[in-house]
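One letter stands for each residue in the lines below.
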Amino acid sequence: MVTTTYTQEKVSPVDALWTLIQGQTKAVRAALTKRLVEQEKAALAATAADAKMFTQKIKALENDSEGFFKLGGFMSDSSSNADELLEEALTDKYGF
């Protein structure tokens, strides 16, 4: 059994939860740790998948010479609006 003493009158929810976790058996603490690590890995994997999808879309646009040059033209022609150029490229190529 774990006895914890707090100097403040008010105990935060995190401190209360930490005290509860400390009172658990080693197996329970290990299981909680494992679950937290698995959840963090899943969240990181989802973020990585989103980044990979974005990168693939950019590469596809770069491989589409017409769309790439239209967007590349935005860099040299500051009078053009990037949103308008992207919309024009997608409309011309894909009918959006």
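Residues numbered from 1 in each chain as written. Predicted model: local features only at pLDDT ≥ 70, side-chain atom pairs only at ≥ 80, totals over all residues. Heavy atoms only, no water.

K.L.:
Quick rundown of the overall build of the chain? Include the residues and the values.
P.N.:
Scanning the chain from N- to C-terminus turns up four helices and zero strands. The N-to-C order of helical and strand elements in the chain reads α-α-α-α. Burial status across the chain gives 5% buried among its 96 residues. Pairs at least 24 residues apart make up 10% of the contacts formed inside the chain by residues separated by at least 6 positions. Split by element, the accessible area of the chain, about 8,400 Å² in all, is 61% carbon and sulfur. (Helix = DSSP H or I, 4+ residues; strand = E, 2+ residues; numbered from the N terminus. Buried < 20%, exposed > 50% of the residue type's maximum accessible area, 1.4 Å probe, protein only. Contact = heavy atoms within 4.5 Å. Areas by Shrake-Rupley, 256 points an atom, 1.4 Å probe, with all protein chains shown as cover.)

K.L.:
Quick one: what's the story with the confidence of the model for the chain, residue by residue and with numbers?
P.N.:
Per-residue confidence for the chain averages 76 on the pLDDT scale, and 62% of its residues sit at or above 70. Across the chain, helix α1 (residues 13-22) holds the top mean pLDDT of 88, while helix α3 (residues 65-76) sits lowest at 57. (pLDDT = per-residue confidence, 0-100.)

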